[in-house]
Amino acid sequence: MFSNTISTKSWLDFPQITKKCDLAEVIIQFCEKKRDSLKDGDILCIASKIISKSQGLFVDLNTIKPSELALKIHHQVPRKDPPRLIAKSSYK
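Scoring rules and cut-offs
- Residues numbered from 1 in each chain as written.
- Predicted model: local features only at pLDDT ≥ 70, side-chain atom pairs only at ≥ 80, totals over all residues.
- Heavy atoms only, no water.
- Helix = DSSP H or I, 4+ residues; strand = E, 2+ residues; numbered from the N terminus.
- Buried < 20%, exposed > 50% of the residue type's maximum accessible area, 1.4 Å probe, protein only.
- Contact = heavy atoms within 4.5 Å.
- Areas by Shrake-Rupley, 256 points an atom, 1.4 Å probe, with all protein chains shown as cover.
- Salt bridge = Lys/Arg side-chain N within 4 Å of Asp/Glu carboxyl O.
- Core = buried A, V, L, I, M, F, W, Y, C linked by side-chain atoms within 4.5 Å.
- pLDDT = per-residue confidence, 0-100.

Brief notes about the overall build of the protein chain
Line of reasoning, step 1. Helices and strands together make up the secondary structure of the protein chain, namely four helices and zero strands.
Line of reasoning, step 2. What you see in the protein chain, going N to C, is helices and strands ordered as α-α-α-α.
Line of reasoning, step 3. Expressed as a percentage of its 92 residues, the buried residues of the protein chain come to 18%.
Line of reasoning, step 4. If you take every contact in the protein chain between residues at least 6 apart in sequence, the share linking residues at least 24 apart comes to 42%.
Line of reasoning, step 5. Accessible surface, the protein chain as shown: approximately 8200 Å² in total, 55% of it carbon and sulfur.

Points about the pattern of salt bridges
Line of reasoning, step 1. In total, this model carries one salt bridge according to the counting rule given.
Line of reasoning, step 2. With a shortest N-O distance of 3.0 Å, Lys34 and Asp13 are connected by a salt bridge. Residue Lys34 is located in the loop between helix 1 (23–33) and helix 2 (48–54), and its partner Asp13 is located in the segment before helix 1; the two are separated by 21 residues in the primary sequence.
Line of reasoning, step 3. Residue classification places Lys34 among the buried residues on the basis of a relative accessible area of 16%.

Some points on the environment of Ile46
Line of reasoning, step 1. As for its position among the elements, Ile46 is in the loop between helix 1 and helix 2.
Line of reasoning, step 2. Residue Ile46 is classed as partly exposed on the basis of its relative accessible area, which comes to 29%.
Line of reasoning, step 3. Sequence-wise, Ile46 and Ile27 are 19 residues apart; in three dimensions their C-alpha atoms are separated by 9.3 Å.
Line of reasoning, step 4. Residues contacting Ile46, with those up to four places away along its chain left out, are Leu23, Ile27 and Ile51.

With respect to the nonpolar core
Line of reasoning, step 1. Formed by Ile17, Leu23, Val26, Ile27 and Cys31, the largest nonpolar core amounts to five residues.
Line of reasoning, step 2. Discounting residues that sit within four places of it in the chain, Ile17 has contacts with Leu23, Val26, Ile50, Lys53 and Ser54.

Remarks on the environment of Ile73
Line of reasoning, step 1. Relative to the assigned elements, Ile73 resides in helix 3 (residues 68–76).
Line of reasoning, step 2. On a C-alpha basis, the gap between Ile73 and Pro83 in space is 7.9 Å, while along the polypeptide they are 10 residues apart.

Considerations on the confidence of the model for the protein chain
Line of reasoning, step 1. When the pLDDT values of the protein chain are averaged, the result is 81; 84% of them are 70 or greater.
Line of reasoning, step 2. When mean pLDDT is compared element by element in the protein chain, helix 1 scores highest at 92, while helix 4 (residues 83–90) scores lowest at 65.

Shown next, in the form of structure tokens:
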């Protein structure tokens with residue numbers, strides 16, 4: 001039976017994903033610990049960042065040396081992104 005309400009809950013104790021891993025297994029183990037919190041019909045949303053991290057698709061921005069173009073864009077376009085992120089985004 002479905003209800004007409006939507007609620008959200010964030011679990012701050014979800015394991016930190018820091019390297020390539022079997023994300024499905026991590027989620028299953030976590031949900032087993034949270035069994036009393038989950039009900040039939042619940043929808044579990046996973047951020048794309050967690051998926052990328054579990055696939056090893058992340059970069060330490062401290063290892064990126066911004067190009068002159070990235071620095072120029074950073075100074076000309078008002079944005080909060082650091083020049084390293086602009087440099088990484090401009091790589092093909």
